[in-house]
Each structure stands twice: as C-alpha cells, then as structure tokens.
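# Structural characterization, general
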Amino acid sequence: MPELPEVESFRRYLEDTSMDKSIIDVKVEREKILQEISIDEFIDNLICHRFVKTLRWGKQLFVQTDGGVWLTIHFGMTGSLFFFHQLTQKPSHCRLLITFCDNDYLCFDDQRLFGRVGIVQDVDSFIKKHHLGPDVLTLNKQRFVSIVQNQKTSIKTVLMKQELFAGIGNEYSDEILFQARINPSALASSLSDEQIDEIFQKMSFVLSTATESRVKSHPFPKQFLLHSGRKIKICPRCGSKLKCQKFSGR
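Read on for an overview of the structure. Computed from a predicted structure; not experimentally measured. (Residues numbered from 1 in each chain as written. Predicted model: local features only at pLDDT ≥ 70, side-chain atom pairs only at ≥ 80, totals over all residues. Heavy atoms only, no water.)

## Side note on the nonpolar core
- Counting residues in each nonpolar core, the largest one holds 31 residues, and the members touching the most others are Phe-144, Ile-155, Leu-159, Phe-165 and Ile-199.
- At the level of secondary structure, the elements contributing two or more residues to this core comprise helix 4 (141-149), helix 5 (155-160), helix 6 (170-180) and helix 7 (193-216).
- Per-element tally for this core: the top contributor is helix 7, with 7 residues.
- Ignoring anything within four residues of it in the chain, the contact list for Ile-199 reads Phe-144, Ile-155, Leu-159, Ile-176, Leu-177, Ala-180, Ile-182 and Leu-191. (Core = buried A, V, L, I, M, F, W, Y, C linked by side-chain atoms within 4.5 Å. Buried < 20%, exposed > 50% of the residue type's maximum accessible area, 1.4 Å probe, protein only. Helix = DSSP H or I, 4+ residues; strand = E, 2+ residues; numbered from the N terminus. Contact = heavy atoms within 4.5 Å.)

Shown next, in the form of structure tokens:
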C-alpha cells in the first residue's frame with residue numbers, strides 16, 4: 001500500500017507534470033472509486049478548471065483547482081498516477097482519465113480498486129471527518145513522545161494508527177523500528193524516553209530517505225529491510241533468517 005513516501009512522490013510527480021493546464025475532459029471509468037460524490041458532480045468540479053496547488057497529509061493527496069475545490073486521492077492498495085502524451089500509453093487499470101488542453105493525459109490507475117477519489121471544499125474538514133492525526137513529518141519530538149507514552153498497545157500498532165500518526169503503514173513501521181532496534185511487539189507505554197527519541201529520529205530518517213528513493217527511482221540503502229529483506233527474508237544487519245509475526249491483522 002502506498003504510504004507517505006510514495007504519496008509524496010506522487011505529489012511531486014503531479015506538480016512536475018499537470019499543473020496550470022486546462023482540463024477539457026474527465027472520464028470516470030469505474031464509479032466505485034468515487035467517494036461520496038456522483039460522476040456528474042465530480043466531472044463538473046474539474047472540467048474547464050486547472051490544478052493550481054497540491055497538499056499531502058499522511059497518505060492522502062489533495063489537489064486544488066482554480067475553482068477553489070480540492071480533488072482528493074487515496075491510493076488504497078495499488079493506486080498510482082500516470083502522466084502521458086498519447087492514449088496508446090494509457091495504463092491497463094486506468095480508473096480515472098483526465099485530458100488536458102494540450103492533449104496530455106493524467107490517469108489514476110488502480111488494479112485492485114481500493115483507491116478513492118473525491119471532491120471537497122475544505123481540507124481541514126476532510127481531515128477531521130476522517131479522523132486523521134497529524135502528518136508525521138509535522139510533529140515535533142515533544143508531541144510525538146507524549147502520544148507514544150500514553151498508548152497501551154504495541155509500538156508497531158501505534159505507529160500504524162492513522163488517527164495518531166498520519167502517513168505510516170505496515171512497511172515503514174517495520175523499517176523505522178528495525179533502524180531504531182526496537183522490538184515491534186514492545187508496549188509503547190513501556191518504552192524509555194531514549195527509545196522513543198530514537199524512534200522519532202529514525203522515523204524522520206527513514207521517511208525522508210524513502211521519499212528520495214521513490215522520487216529519484218533509486219534503490220533503498222543496503223541497510224534497509226526494504227532493500228531486500230522482504231524478498232529474500234534475510235536480515236541486512238546480521239544475515240539471519242527473518243521471521244514473520246502478525247500485528248493488528250498485518
């Protein structure tokens with residue numbers, strides 16, 4: 001599932017390809033992806049408008065039009081964005097196709113159809129309605145520590161709770177705790193101040209490093225679990241065989 005680094009890379013990708021271009025056509029190819037809006041209303045809010053601003057909050061992407069409304073995109077399990085110049089390049093699982101005035105295209109591609117797009121008037125209201133916590137990259141250490149210390153569940157589960165920390169999912173919670181050398185099953189409220197501080201530092205390091213890797217299409221650093229650990233099941237630190245354990249159904 002796309003997490004904060006992937007969504008941030010999509011935000012930058014959209015900024016680089018699709019801003020300030022008049023939208024002349026919108027096709028919703030699978031109505032299932034729409035969130036609390038009809039096809040006609042969705043199209044009416046985009047047609048003849050331009051994208052002028054982007055904002056990411058956790059795993060959620062917002063794109064403002066010159067009409068003042070915001071396109072919302074949640075990428076679900078397999079969602080992604082593709083910008084292209086010819087319809088022959090259209091991805092096979094395109095669910096939303098936007099045509100610009102210069103006959104360039106932007107597609108929301110989503111094989112498993114868990115992603116959602118919609119239109120909202122106000123970003124803050126959307127965040128509140130969907131119970132999203134602060135974006136993890138906006139938190140200061142004091143606030144992070146105070147939240148973690150009050151949680152009586154595993155630290156991995158805490159990091160994945162979007163109502164506490166918007167942006168971290170299954171993969172990056174593993175990576176953060178691996179880099180911090182903290183057992184994922186450790187009770188959050190039992191961690192020392194030094195351990196929580198280390199998690200905070202590694203969280204910033206992992207998310208920023210992963211974002212740059214996604215944006216520049218570079219491999220993850222060799223010391224990352226995400227570099228090869230999930231594929232070959234071998235620890236990049238000590239060479240031992242990795243074991244899997246479930247947390248909150250993950």
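From this point on, the discussion continues.
## Topic: the packing of helix 1 (residues 4-17) against helix 7
- The N-to-C vectors of helix 1 and helix 7 enclose an angle of 45°; their axes lie 8 Å apart at closest approach. With respect to helix 7, the axis of helix 1 lies oblique. As helix 1 packs across helix 7, the resulting crossing turns out to be right-handed. Each of Leu-4, Pro-5, Glu-6, Glu-8, Ser-9 and Arg-12 in helix 1 lies in contact with helix 7, whose residues at this interface are Leu-207, Ala-210, Thr-211, Glu-212, Arg-214 and Val-215.
- Broken down by class, the residue content of the contact of helix 1 with helix 7 amounts to 5 nonpolar, 2 polar and 5 charged. (Axes fitted to C-alpha atoms, helices over the stretch in contact; angles between N-to-C directions. Parallel < 35°, antiparallel > 145°, perpendicular 65-115°, else oblique. Left-handed = near helix turned anticlockwise from the far one by under 90°. Nonpolar A, V, L, I, M, F, W, Y, C, P; charged D, E, K, R; others polar.)

## Some thoughts on the sheet that holds strand 6 (residues 94-100)
- The 4 strands lie next to each other as 1-6-7-5, forming an open sheet whose pairing is antiparallel. The open sheet is flanked by strand 1 (23-28) and strand 5 (79-84), the only strands paired with a single partner. The mean angle between the axes of side-by-side strands here comes to 15°, regardless of whether they run parallel or antiparallel.
- Of the strand pairs in this sheet, strand 5 and strand 7 (residues 105-110) are connected by 6 bridges, and their pairing is antiparallel. Bridged to Phe-84 within strand 7 is Tyr-105.
- Against the sheet, helix 1 makes contact with strand 5 and strand 7, and its axis sits at roughly 20° relative to strand 5, the strand it touches most.
- Across the sheet, helix 2 (residues 39-46) touches strand 1 and strand 6, and the angle it forms with strand 1 is around 160°. (Pairing = 2+ DSSP bridges.)

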